[in-house]
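Residue strings, one per chain:
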Amino acid sequence: MFVTEDIRYIGVNDHDVDLFEGQYTVENGMSYNSYVILDEKVAVMDTVDAHFGVEWLQNLETELNGRRPDYLVVQHMEPDHSANIAVFMETYPEAQIVSSAKAFVMMQQFFGTDFPERKVVVGEGSTLKLGRHTLTFVTAPMVHWPEVIVTYDSTDKVLFSADGFGKFGALDVEEDWADEARRYYIGIVGKYGAQVQALLKKAAALDIAIICPLHGPVLNENLGYYLDKYNTWSSYAVEDEGVVIAYTSIYGHTKEAVEELAEKLNQRGCPNVVVADLARCDMAEAVADAFRYSKLVLATTTYNATIFPHMQNFIDHLTARNYQGRTVGMIENGAWAPMAAKVMKKMLETSKNLTYTDTTVTVKCALNDASRAQIDALADELCK
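Attention here is on the structure that accompanies the text. (Residues numbered from 1 in each chain as written. Predicted model: local features only at pLDDT ≥ 70, side-chain atom pairs only at ≥ 80, totals over all residues. Heavy atoms only, no water.)

Quick look at the pattern of salt bridges now. Per the stated rule, a full pass over the model turns up 22 salt bridges. Its salt-bridge partner being Asp156, residue Arg132 comes within 3.7 Å of it at the nearest N-O pair. Placement of Arg132 in the loop between strand S11 (127–129) and strand S12 (134–139) and of Asp156 in the loop between strand S13 (149–153) and strand S14 (158–160) is noted, with a sequence separation of 24 residues between them. Judged by its relative accessible area of 17%, Asp156 is buried. Close ionic contact of Asp380 with Arg268 constitutes a salt bridge, the shortest N to O distance being 2.8 Å. Remark: Arg268 occurs in the loop between helix H8 (253–267) and strand S17 (273–277) and Asp380 occurs in helix H12 (residues 369–382); sequence separation between them is 112 residues. Residue classification places Arg268 among the partly exposed residues on the basis of a relative accessible area of 32%. The network of salt bridges with shared partners includes Asp179, Arg182, Lys229, Glu239, Asp240 and Arg292. (Salt bridge = Lys/Arg side-chain N within 4 Å of Asp/Glu carboxyl O. Helix = DSSP H or I, 4+ residues; strand = E, 2+ residues; numbered from the N terminus. Buried < 20%, exposed > 50% of the residue type's maximum accessible area, 1.4 Å probe, protein only.)

Closest axis-to-axis distance for the helix H6 (residues 193–204)/helix H7 (residues 223–234) pair is 8 Å, and the angle between their directions is 145°. Regarding H6 and H7, the two cross each other, and that crossing is left-handed. Between H6, through Gly193, Ala194, Val196, Gln197 and Leu200, and H7, the contact on the second element is made entirely by Leu227, Tyr230, Asn231 and Ser234. Class assignment for the residues of the contact of H6 with H7 results in five nonpolar, four polar and no charged. (Axes fitted to C-alpha atoms, helices over the stretch in contact; angles between N-to-C directions. Left-handed = near helix turned anticlockwise from the far one by under 90°. Contact = heavy atoms within 4.5 Å. Nonpolar A, V, L, I, M, F, W, Y, C, P; charged D, E, K, R; others polar.)

Moving on to the side chain of Lys264. Within the fold, Lys264 resides in helix H8. Residue Lys264 is classed as buried on the basis of its relative accessible area of 16%. Discounting chain neighbours no more than four positions away, the residues touching Lys264 are Ile375, Asp376 and Ala379.

It is worth spelling out the sheet that holds strand S9 (residues 96–99) at this point. Read across the open sheet, the six strands follow the order S1-S6-S7-S8-S9-S10; overall the sheet is mixed. Either end of the sheet is taken by a strand with one partner, and the two such strands are strand S1 (7–9) and strand S10 (119–121). On average, each strand axis in the sheet is tilted by 20° relative to the strand beside it, whichever way the strands run. As paired strands, strand S6 (residues 35–38) and strand S7 (residues 42–45) are joined by four bridges and run antiparallel to one another. Each residue of the ladder has a partner; that of Val36, found in S7, is Val44. Most of the contacts of helix H1 (residues 53–64) go to S6, to which it runs at about 20°, and overall it touches S1, S6 and S7. Contacts from helix H4 (residues 101–111) reach S9 and S10 within the one sheet, and its direction differs from that of S9 by about 120°. (Pairing = 2+ DSSP bridges.)

Below is the structure:
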């Protein structure tokens, strides 16, 4: 696949993976992207997952058409991109390897060598001339590992963005970019918003026409849309107005309260009411929705003097990714000592700029007139 006249896509699609990074459901598979720049000197941009080394090398050989690569540029050492470094270096013994100092430390850890006779260490502002193309390297620490660099080709105005601007899903599947890119970003990079903001500021100084990520499609149209999404996500700003109701329910009474609240919100014309059963839904999607929308309702039972495990897990995911700047309401259920709301607020203490609703719904076993009145009041607050 041509990216530009000199830049070719040599990545692979994976439809056998069921969990990416051991936790994210990927029904439409994954792409592991790699690129080759064909100039006076040839540079290969990253490798692919270990399972696809043979296919990747075949793709590379096809595009090389008898030539030999001069450089392997390693932007990110996570194994889904770096696993075939040693294979490449053995296949092309004359090639040099270009990466950050921290990446070479990781190569030693992964492969038992940092290729001392063949390594080229680059940092912020380092350049590599290939002929017509000059690559400029930009450090991107903690986006989302500390060794990450991204690469700018000033000739074709291409940003090789490492994991930035990536998404779940193989390239041969048609799907909306934003939903899977959001789930990918919040899940994998979400903790590092400040670092992404720093990289976006660097990118703003570059004239970018094409973004080549390590997962997902090459982006070459309407780049302002993608940059704006990343700015919103990394600044933890509200993306859309709406209410996410995330709940757990043991015998159905908390679920009944949630359904009644959702109905009342819809009756009041509240936009984008999203209900997530945390025991059954895709947890990563529920977390992404909590970051997407302006308001969140947490509904759960008191359980072993704390809260139900799926809710505990959900809140842990939120706080680990710097959840902040939202309105939060709560529904608690308890037969004799309801304390779920207190526990959840304690868990959210590290989250910045949360506004709690005045109303907390307390259900003692089952809904009654008092708890239904609280649901009404909560719905009124959320729809202001």
